[in-house]
Amino acid sequence: MTGFLEWLLGLQNIRLGSDSPLSLQWNQDAPAWLVFTIAVAGTVLIAWIYRRERTTRPRRIALCTVRLALFAIALAAFCKPTLVLQQNRVEPSFVALLIDASASMATRDNYVDEIEHDPARAVARGAGLDPGELANHSRLELLQAALTRDDAGPIRSLLSRNGVQVVGFSNAVEPLAFASDDSAVSTIVDVVSQLRPDGFATDIAGAISRVLERSEGRRLAAIVLVGDGRATKGIDLRDAAELAAGRQIPIHAVPVGSQVSPIDVEVGPLRAAQSAFLHDIITIEAQVIAHGLSTNATVELKLLDISQAPDGEVVARESVTIAPDAGPIRVELRTRPTRTGNIPFRVEAVPLPHERLLDNNADRIDVTVTDDRVRILYVEAYPRYEYRYLKNALLREKSVDVSVLLLEADEQFVQEGTIPIRRFPDTPEELNRYDVILFGDVDPRGGWISQAQMLMMLDFVANEGGGFGLIAGERATPHRFVGTPLERLIPVVIDPASTEVGRARDAALTTGFPVRLTRDGYSSRLFRFAPTVAYGRRERKTN
């Protein structure tokens, strides 16, 4: 029937080839049984009508034949005949080769030969290297060697059946090259060889999802995922796997790296005061963390002044013992500068045995050293022991200029200090000449300081960057500061009950009370009164 229609309608000329057959399809909406019933009923009706026709037999047969033909054409039109020219074309599929380019791929693993599994030799065979050379190559370098060995044999094997789409991924997905046959192998090799592990995150699930989205219109045969498996961001990997499974696209994961965690000591960040005075002790705090330890390890840190020599001059050393799975440890190194200017310091950790990644073993910080003198205003009520001790210590300190105001001294008494003073400053200009104000056991309600001067002190600390210190005493400090503007400057919370219970408000304290440090207080060097730091047993050598 189809051949007759092709001959009748001259359709042989529209064929595209022997593999492009022409077929007739019926697209009727009615069910087949209804079409068959109509065909039978119509045929019977036409035959019955012309059987009763009063004319000659040949005439009846001819008219019946014409009517049946017209009925057949109408019935065929009702069934919506369609000529379908089928064209067969082979669309090549492709394999997406996803390569992890995150910073973790720069790790140089410690490959340990096991008697049964021999993982190091297996990795060496895959990369085409000698087992002794593995320690000199990062994870990405081993992967590049494995893909390009034997004249890019693994890539050619993929291209033998499919095209290859190379995709680099880290925090983002970047299509790099596409090859459909062996003629583009050199392009794939160049792209793979130029990959660098510079990504700051690893989004495995996002990379799979992006490849699936961008493959619309082309047959994606499989996804080959190559990386160290450390996903640091992105959606749940199960969602991406289910999306691929729904489209019947297999994912082949190729892990890169050793099962033995690499030993790595990381130093940083560093913390220190931005400026310091000449001959003062500078404390530089370094954060140290160690990965891949199986037993306790002793890490030696060196503080180097790198302003004079290219390799630096060691000015302090510190040793710290780190336990396996320990978190970050803070270590302090101290030095005393002997010159002024901007001094760059570097803290280095001596590499541990078998440590390969050394780029993060050091960090740098700059400290500005000046020869300026600190101007201090020290106010005390009476010549108590603390006054005599602190006043003499300040007078002997070469980097300090001090003004001392003793409130209960006689009018004829010559106030002590390197900068004479007879009253508390009345104007902001006078007060701003000082860098630090120290109050001893003074009563802010005693009439020697006004409300305006108190507000001036608040502005001195809050807006001018001045320092304020308070030395507790038996008479007035700190309980007499409660309810005054200066209460806001006190770095402690005063229990209101301590000002009323068991004594008159103006009476002197006769019993002691404990001071409890806050969390920030424990971490501050201001409240560290022992020469050693309670971060673990150390050996300190300071130049």
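What counts, and where the lines are drawn
Residues numbered from 1 in each chain as written. Predicted model: local features only at pLDDT ≥ 70, side-chain atom pairs only at ≥ 80, totals over all residues. Heavy atoms only, no water. Helix = DSSP H or I, 4+ residues; strand = E, 2+ residues; numbered from the N terminus. Buried < 20%, exposed > 50% of the residue type's maximum accessible area, 1.4 Å probe, protein only. Contact = heavy atoms within 4.5 Å. Areas by Shrake-Rupley, 256 points an atom, 1.4 Å probe, with all protein chains shown as cover. Patch = residues over 30% accessible without salt bridge, like charges linked within 9 Å, V, L, I, M, F, W, Y side chains within 5 Å. Salt bridge = Lys/Arg side-chain N within 4 Å of Asp/Glu carboxyl O. Phe/Tyr/Trp six-rings, centres within 6.5 Å; stacked < 30°, edge-to-face > 60°. Lys NZ or Arg CZ within 6 Å of the ring centre and 35° of its normal. Pairing = 2+ DSSP bridges. Axes fitted to C-alpha atoms, helices over the stretch in contact; angles between N-to-C directions. Expected span 1.5 Å × (residues − 1). Arc of directions from axis to C-beta. pLDDT = per-residue confidence, 0-100. Bend = angle between axes of the 7 residues up to and from the residue. Parallel < 35°, antiparallel > 145°, perpendicular 65-115°, else oblique. Left-handed = near helix turned anticlockwise from the far one by under 90°. Nonpolar A, V, L, I, M, F, W, Y, C, P; charged D, E, K, R; others polar.

Caption draft 1: The overall build of the protein chain, seen in detail. When helices and strands are counted, the protein chain shows twelve helices and 20 strands. Out of the 543 residues belonging to the protein chain, those deemed buried represent 38%. Pairs at least 24 residues apart make up 71% of the contacts formed inside the protein chain by residues separated by at least 6 positions. Put simply, the protein chain shows about 32,400 Å² of open surface, and 53% of that area lies on carbon and sulfur atoms.

Caption draft 2: Expanded view of a nonpolar patch on the surface. Residues W33, L34, I38 and F78 make up a contiguous nonpolar surface patch of roughly 400 Å² in combined accessible area. It is helix α2 (residues 32–51) that provides the largest number of residues to the nonpolar patch, a total of three residues. Within the secondary structure layout, I38 lies in helix α2.

Caption draft 3: Representation of the environment of N360 in the model. Relative to the elements of secondary structure, N360 occurs in the loop between β14 (341–349) and β15 (362–370). In this structure, the C-alpha to C-alpha distance between N360 and A349, residues eleven residues apart in sequence, is 9.1 Å. Excluding its chain neighbours within four sequence positions, the residues that come into contact with N360 are D264, V265, E266 and V267.

Caption draft 4: Up close: the packing of aromatic side chains. In total, this model carries seven aromatic pairs according to the counting rule given. Measuring from centroid to centroid gives 5.8 Å for F424 and W448, while their planes differ by 75°, and the two rings are edge-to-face. Within this pair, whereas F424 is found in the loop between β17 (400–406) and α10 (428–431), its partner W448 is found in the loop between β18 (436–439) and α11 (451–462), the two being separated by 24 residues in sequence. Overall, F424 belongs to the buried group, its relative accessible area being 4%. Each residue in the set F424, F439, W448 and F468 is aromatic and connected to the rest through ring pairs, giving one cluster. Here the basic side chain of R375 rests over the ring of Y434, its NZ or CZ set 5.8 Å away from the ring centre.

Caption draft 5: Spotlight on the sheet that holds strand β10 (residues 282–291). If you walk across this open sheet you meet the three strands as β8-β10-β13, and the pairing is antiparallel. The open sheet is flanked by β8 (264–271) and β13 (329–335), the only strands paired with a single partner. Neighbouring strand axes in the sheet, compared pairwise and without regard to direction, differ in orientation by 30° on average. Relative to β13, β10 runs antiparallel, the two being bridged by seven bridges. What sits directly across from Q287, in β13, is R330.

Caption draft 6: Here's a closer look at the pattern of salt bridges. Inspection of the entire model under this criterion finds 19 salt bridges. With a shortest N-O distance of 2.9 Å, E408 and R475 are connected by a salt bridge. One end of the pair, E408, is in the loop between β17 and α10; the other, R475, is in the loop between β19 (467–470) and α12 (519–523), with 67 residues separating them in the sequence. For E408, a relative accessible area of 48% gives the class partly exposed. Residue classification places R475 among the partly exposed residues on the basis of a relative accessible area of 41%. Linking R423 and D426 is a salt bridge whose minimum nitrogen-to-oxygen distance equals 3.2 Å.

Caption draft 7: Molecular detail of the side chain of D305. Here D305 is to be found in strand β11 (residues 297–305). Not counting chain neighbours up to four residues away, the residues in contact with D305 comprise G312, E313, V315, R339, I343, P344 and F345.

Caption draft 8: Region of the structure containing unusual backbone geometry. With omega at 0°, the peptide bond leading from G268 into P269 counts as cis. Mapped onto the elements of the fold, P269 is located in strand β8. Here the bond from T477 into P478 is cis, since omega is 10°, no more than 30 degrees from zero. Phi at D150 is positive, roughly 50°, even though this residue is not glycine.

Caption draft 9: Molecular detail of α2. The terminal C-alpha atoms of α2, which comprises 20 residues, lie 29 Å apart, in line with the 28 Å expected from a rise of 1.5 Å per residue. All of the buried residues in α2 are V35, G42, I46 and Y50. The buried residues of α2 all sit within an arc of 50° when viewed along its axis, so they share a single face. Turned more than 90 degrees away from the buried face of α2, the exposed residues are W33, F36, V44 and R51. In this structure, the buried side of α2 is in contact with α3 (57–78).

Caption draft 10: Spatial organisation of the confidence of the model for the protein chain. The predicted model of the protein chain averages 83 in pLDDT, with 85% of residues at 70 or higher. For the protein chain, the element scoring lowest by mean pLDDT is strand β20 (residues 539–542), at 40; β18 scores highest, at 96. Confidence over residues 500–504 falls short of pLDDT 50; this stretch has five contacts with residues more than four positions distant or in other chains. Taken as a whole, residues 532–543 scores under 50 in pLDDT and shows 34 contacts with residues more than four places along the chain or in a different chain.

Caption draft 11: Region of the structure containing helix α5 (residues 139–159). End to end, α5 covers just 24 Å across 21 residues, shorter than the expected 30 Å (1.5 Å per residue, more than 12% under). The sharpest bend along α5 measures roughly 110° and falls at D150, with the proline P154 sitting one to four residues further on. Of the residues making up α5, those classed as buried are R139, L140, L142, L143, Q144, A145, L147, A152, I155 and L159. Those residues of α5 that are buried lie in contact with β3 (94–100), α4 (119–127), β4 (163–169), β5 (173–179), α6 (185–193) and β6 (220–227).

Caption draft 12: Layout of the packing of helix α7 (residues 204–214) against helix α8 (residues 237–246). Packing of α7 against α8 leaves a shortest axis separation of 8 Å and a crossing angle of 25°. The angle between the axes of α7 and α8 places the two elements in the roughly parallel class. Handedness of the α7/α8 crossing: left-handed. Of α8, the residues touching α7 (which contributes I204, A205, I208, S209 and L212) are L237, A240, L243 and A244. Split by residue class, the contact of α7 with α8 holds eight nonpolar, one polar and no charged.

Caption draft 13: Representation of the packing of α4 against α5. Where α4 meets α5, the closest approach of the two axes is 7 Å, and the angle between their N-to-C directions is 50°. Compared by their axis directions, α4 and α5 come out oblique. Between α4 and α5, the contacting residues are V123, R125, G126 and A127 on the first element and L142, A145, A146 and R149 on the second.

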